[in-house]
Amino acid sequence: MSELEKALDRLGDAVARLVDTKGNAQAESRIAELTAERDRLKTEVAELRASREDDARLRAEAASAVRDALRDLRGLVAAGENG
């Protein structure tokens, strides 16, 4: 994600430089395009970050469920050996 965030920063810098040259219709049009793209990418980064956090939570829950199942299985095996 850091590479994408760096790219967004560079895009923001480019927009800032274009703002400095404002007064040119072509530059203003390009500013609008770059701003829209930056906003779209920021939204995508936020969605990816949320998805990554959700994936991490689901993996932790799955690992916990596997540990619980193994513990139960060991208990059943131990009970079978004793009984």
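What counts, and where the lines are drawn
- Residues numbered from 1 in each chain as written.
- Predicted model: local features only at pLDDT ≥ 70, side-chain atom pairs only at ≥ 80, totals over all residues.
- Heavy atoms only, no water.
- Helix = DSSP H or I, 4+ residues; strand = E, 2+ residues; numbered from the N terminus.
- Rg over C-alpha atoms; globule rule 2.2 N^0.38 Å.
- Buried < 20%, exposed > 50% of the residue type's maximum accessible area, 1.4 Å probe, protein only.
- Areas by Shrake-Rupley, 256 points an atom, 1.4 Å probe, with all protein chains shown as cover.
- Core = buried A, V, L, I, M, F, W, Y, C linked by side-chain atoms within 4.5 Å.
- Contact = heavy atoms within 4.5 Å.
- Expected span 1.5 Å × (residues − 1).

Engineer: Give me the lowdown on the overall build of the protein chain, citing residues and values where you can.
Structural biologist: When helices and strands are counted, the protein chain shows two helices and zero strands. The globule rule puts the C-alpha radius of gyration for 83 residues at 12 Å, and the 26 Å found for the protein chain is more than 25% above it. Principal-axis analysis of the C-alpha atoms places the extent of the protein chain at approximately 90 × 15 × 10 Å. Taken across its 83 residues, the protein chain has 11% of its residues classed as buried. Of the accessible surface of the protein chain, which amounts to about 6400 Å², a share of 54% is contributed by carbon and sulfur atoms.

Engineer: Give a description of the nonpolar core that names residues and reports values.
Structural biologist: Counting seven residues, the largest nonpolar core consists of Leu8, Leu11, Val15, Ile31, Leu34, Leu41 and Val45. Mapped by element, the contributors of at least two residues to this core are α1 (2–20) and α2 (25–82). Per element, the largest residue contribution to this core is four residues, and it comes from α2. The residues touching Ile31, leaving out its near neighbours within four places in the chain, are Val15, Leu18 and Val19.

Engineer: If you had to explain the environment of Arg74 to someone new, which residues and values would you point to?
Structural biologist: Tracing the backbone shows Arg74 in helix α2. Judged by relative accessible area, which is 58%, Arg74 ranks as exposed. The sequence separation of Arg74 and Ser51 amounts to 23 residues, and the corresponding C-alpha distance is 34 Å.

Engineer: Report on α2, specifying residues and quantitative values.
Structural biologist: Over its 58 residues, α2 runs 85 Å from end to end, which matches the ideal 86 Å to within 8%, given 1.5 Å per residue. Every buried residue of α2 is accounted for by Ala27, Ile31, Leu34, Leu41 and Val45.

Engineer: Any chance you could break down the environment of Asp39 for me, citing the residues and the numbers?
Structural biologist: Inspection of the secondary structure puts Asp39 in helix α2. Along the primary structure Asp39 and Gly12 are separated by 27 residues, whereas in three dimensions their C-alpha atoms are 9.9 Å apart.

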